[in-house]
Amino acid sequence: MAEIKTKHGLPETKGQFKLRGKATGLQRDKAFQPKTTKTNKKMRILNFGVETAPESTVYVTLQGMERDDVYYGKRSEVKGQKGETRKVPWADRHTPPGEGFRLMGIGVGLEKGEDGRNVTNTLTEFDAAEEVYNTLNDDEFVFVRGDIEFSSFKNEKDEVSRNKKFAIKNIYGSNDIDFDAEDFAETSEFKQKIIFMGIQKAEDANDPHFIVEAQIVTYGSIEQTEFTVRNNALANQFRKILKPYTAIEVWGKIFNKVDTDEVEEASGAVWGEEDSFKKVTKNYIRELMIVGADPETIDTETYTEESIEKAIKKLNSQGQVEKKKEQKKESASDSWGEGSSDIQDDDLPW
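Analysis parameters
- Per chain, the residues get numbers from 1 upward, laid out in the order the sequence is written.
- Totals for whole chains, interfaces and linings use every residue, but because this is a predicted model, local features are given only for residues with pLDDT of at least 70 and side-chain atom pairs only at 80 or more, for both listing and counting.
- Heavy atoms from the whole structure form the basis of all side-chain values; hydrogens and water molecules are not counted.
- DSSP-based pairing: two strands are paired if at least 2 bridges between them are found.
- Helix and strand labels come from DSSP, where a helix needs a run of H or I of at least four residues and a strand needs a run of E of at least two; each type is numbered from the N terminus.
- Buried Ala, Val, Leu, Ile, Met, Phe, Trp, Tyr and Cys residues that are joined via side-chain atoms within 4.5 Å together make up what is termed a nonpolar core.
- For every residue, the accessible area (1.4 Å probe, protein chains only) is compared with the maximum for its type, and the residue is labelled buried under 20%, exposed over 50%, or partly exposed between those bounds.
- The contact criterion used is simple: two residues touch if any of their non-hydrogen atoms lie within 4.5 Å.
- Any pair of Phe, Tyr and Trp rings, taking the six-membered ring for Trp, is counted once the centres come within 6.5 Å. Such a pair is stacked with planes under 30 degrees apart, edge-to-face with planes over 60 apart, and tilted for the rest.
- For a Lys NZ or an Arg CZ to count as sitting over a ring, it must be within 6 Å of the ring centre and within 35 degrees of the ring normal.

Chemist: Before we go on, may I ask you to explain the sheet that holds strand β6 (residues 84–89) in this structure?
Modeler: In a beta sheet, neighbouring strands pair by backbone hydrogen bonds and run either parallel or antiparallel. With antiparallel pairing, three strands are arranged side by side in an open sheet as β6-β5-β7. With partners counted over all chains shown, the strands left at the sheet margins are β6 and β7 (102–103), one partner each.

Quick look at the structure:
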């Protein structure tokens, strides 16, 4: 069995997504943000939208920072044999360590060669963020593939805020899409391993659906999240077959719904400018909607209630230790001038 490299000892439940659509939002002031972390490392963050259908946009992220090293990989010439990996200093990241070695990073193929095919380069997240920003324009069509990253944090009111980030791993130029064509089919899909916790019918007469409560295991946390199901037969299968703490692989659509609040327009003329409070407003509801699941992937042994509670307790213990270390450094800073700022968590953008 392979070594599990997580902070809590449980294997991650990973998820992926794929989108095809029109790039939007690259002209925004904060679409591309170069930053410097507290440990004085440079970071680049790129956020933009992919319009996969009219009034249906998924926002994706590409971010990276300077590191000490990068990794190159080379496939083995012997079938079934493990390939070779080499570590290269950051300053030499653009130079392969030998013939046949390829950088482990982000695949970017936004430009075409003389043969009309996409020319793909593999870059670090740091370099790819700038490359995509400089190369991609609004209204150009792209195909994007990547990982779904779940996270959470507590705000000033001690309320938990939960996030889903669509992190780019590959981005390529795509043929133009006619959203009005009769044979148009939207590409806005995901695949995710989840830990099923329960299912219940949503109290929404205008949009009948079911809510699946699930847990996601990341490298350093156990996240709670929700998915939707709009297929009654599938919802019944979940209800009948799955018990809490059962892992299963699901897939579906990144569901985008526009909830429009229409305000009746005032009759007659107005004095001065139009009343903006009476304009139509749109609320965008984005969900991960499950349309299928693989019963062959059902796992009732790995993520038991006991193992999950043990993992959470371990994470809480680590959090207390890290908090004490941070307080100690802050105390040292107050007493003796500037303290050390070499805290790994400070390298994270949120």
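Once the structure has been displayed, the description carries forward.
Chemist: Is there a simple way to think about the nonpolar core in this case?
Modeler: As a rule of thumb, soluble globular proteins bury nonpolar side chains together. Counting 45 residues, the largest nonpolar core has Phe-48, Ile-171 and Phe-227 as the members making the most contacts within it. Once you skip the residues sitting within four places of it in the chain, Phe-227 turns out to touch Phe-150, Phe-190, Gln-192, Ile-194, Phe-210, Ile-211, Val-212, Ala-214, Ile-216, Leu-288 and Ile-290. One finds Ile-222, Tyr-245, Tyr-303 and Ile-308 within the second-largest nonpolar core, a separate group that totals ten residues.

Chemist: Would you explain the packing of aromatic side chains in this entry?
Modeler: Two measures describe an aromatic ring pair: the distance that separates the ring centres and the angle between the ring planes. Taken as a whole, this structure holds seven aromatic pairs when the rule is applied. Where Trp-90 meets Phe-126, the ring centres are 5.7 Å apart and the plane angle is 70 degrees; that geometry is what we call edge-to-face. Of the two residues, Trp-90 sits in the loop between β6 and β7 while Phe-126 sits in helix α1 (residues 125–135), which places them 36 residues apart along the sequence. Here Phe-126 falls in the buried class, since its relative accessible area comes to 4%. Grouped by ring-pair contacts, the aromatic residues Phe-141, Phe-179 and Phe-184 constitute a single cluster. Looking at Arg-44, its charged tip hangs above the ring of Phe-126, at a distance of 3.8 Å from the centre.

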